[in-house]
Amino acid sequence: MSPPRRYWLMKTEPDTFSIDDLERVGTEPWNGVRNYQARNHMRAMQPGDGVFLYHSSCPVPGIAGLATVASEAYPDPTQFDRKSDYYDEKSNREDPRWSLVDVKFDRKLADVITLDEIKQHADALGEEFALIRRGNRLSVLPVTAAQWKTLLKLEKKR
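Residues numbered from 1 in each chain as written. Predicted model: local features only at pLDDT ≥ 70, side-chain atom pairs only at ≥ 80, totals over all residues. Heavy atoms only, no water.

Caption draft 1: Broad picture of the overall build of the protein chain. Each helix and strand in the protein chain was counted, giving five helices and eight strands. If you list the helices and strands of the protein chain from N to C, you get β-α-β-α-β-β-β-β-β-α-α-β-α. Dimensions of the protein chain, computed from the C-alpha atoms along their principal axes, are close to 50 × 40 × 30 Å. Counting the 158 residues in the protein chain, one finds 46% classified as buried. Charge centroids of the protein chain, computed over 24 positive and 24 negative side chains, lie 3 Å from each other. (Helix = DSSP H or I, 4+ residues; strand = E, 2+ residues; numbered from the N terminus. Buried < 20%, exposed > 50% of the residue type's maximum accessible area, 1.4 Å probe, protein only. Lys, Arg positive; Asp, Glu negative; His and termini not counted. Charge placed at Lys NZ, Arg CZ, Asp CG, Glu CD.)

Listed below in structure tokens is the structure:
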């Protein structure tokens, strides 16, 4: 029996890697996460889990598309590459610090579900929805099944 499908929100800056880029390549290793809590979320991911791809640090931040976790977590090779922006001299191959998962493109949303729209539905999403909680800057966040459904309904209201 397989575990129940779980859901996540993964942030990316669209000028670095966008939903369009993911659509173009199909599947991509989600590398460069250098926060322990976000890393632990990725280590908990399983193939088949749903992902909201969220564009951040842009004029209109919001959910731009859907993806699926395509692999179990494995060591992020950029931590060992001295030429990489994500190189970590304290990490070693025997006990790597950083992990990643592969993410597979599902679809772009017709329109971005903006952060402002998401905030308007804060009551339905609940206080535990990390994206709209003050001070939360994690790049990988868990999403409950109920929150997933609520957010998908925002797309259908357009």
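Caption draft 2: Fine view of helix 2 (residues 36-44). Listed in full, the buried residues belonging to helix 2 are Ala38, Arg39, His41 and Met42. Along helix 2, the residues classed as buried sweep out an arc of 155 degrees about the axis, all on the same side. On its buried face, helix 2 is in contact with strand 1 (7-12), strand 6 (99-100) and strand 8 (140-143). The distance from a side-chain oxygen at the start of helix 2 to the backbone nitrogen of Gln37 is 2.9 Å, and the residue carrying that oxygen is Asn35. (Arc of directions from axis to C-beta. Contact = heavy atoms within 4.5 Å. Polar contact = N/O pair within 3.5 Å; in protein donor to acceptor, adjacent residues only side chain to side chain.)

Caption draft 3: Local environment of the side chain of Asp88. Within the secondary structure, Asp88 is located in the loop between strand 5 (74-75) and strand 6. Overall, the relative accessible area of 11% leaves Asp88 in the buried class. Only 2.9 Å separates the side chain of Asp88 from the backbone nitrogen of Lys90, close enough to count as a polar contact. Contact partners of Asp88, with chain neighbours within four places excluded, come to Gln79, Arg97 and Trp98.

Caption draft 4: The nonpolar core, seen in detail. Within the largest apolar cluster, 41 residues are counted, with the highest numbers of intra-cluster contacts made by Met10, Met42, Phe52, Ile63 and Ile118. The dominant element in this core, judged by the number of residues it contributes, is strand 4 (residues 62-69), at five residues. The residues touching Met10, leaving out its near neighbours within four places in the chain, are Trp30, Met42, Met45, Val51, Phe52, Leu53, Tyr54, Val101, Val103, Ser139 and Val140. (Core = buried A, V, L, I, M, F, W, Y, C linked by side-chain atoms within 4.5 Å.)

Caption draft 5: Region of the structure containing the packing of aromatic side chains. According to the stated counting rule, one finds four aromatic pairs in the structure shown. An aromatic cluster is present here, built from Tyr7, Phe52 and Trp148 joined pairwise through their rings. (Phe/Tyr/Trp six-rings, centres within 6.5 Å; stacked < 30°, edge-to-face > 60°.)

Caption draft 6: The arrangement of the pairing of strand 4 in detail. Most of strand 4 sits inside the fold, with eight of its eight residues counted as buried. Bridge count between strand 3 (residues 50-55) and strand 4: six bridges; the pairing is antiparallel. By the bridge assignment, Gly50 is partnered in strand 4 with Thr68. As consecutive antiparallel partners, strand 3 and strand 4 are separated by six residues, and within that stretch Ser57 has a phi angle of approximately 50 degrees, a positive value. One ladder, built from seven bridges, connects strand 4 with strand 7 (residues 102-114); its direction is antiparallel. From the neighbouring strand, Leu66 faces strand 7, where its bridge partner is Arg107. (Pairing = 2+ DSSP bridges.)

Caption draft 7: Region of interest: the sheet that holds strand 1. A sheet is described by the order of its strands in space; here six strands give the open sequence 2-7-4-3-1-8, paired in mixed fashion. The sheet is open, and its two borders are formed by strand 2 (27-29) and strand 8, each paired with just one other strand. For this sheet the average axis-to-axis angle between neighbouring strands, irrespective of direction, equals 35 degrees. Bridging between strand 1 and strand 3 involves six bridges; their strand directions are parallel. In the sheet register, Trp8 faces strand 3, and the bridge partner there is Val51. Packed onto the sheet, helix 2 meets strand 1 and strand 8 and runs at close to 50 degrees relative to strand 8. (Axes fitted to C-alpha atoms, helices over the stretch in contact; angles between N-to-C directions.)

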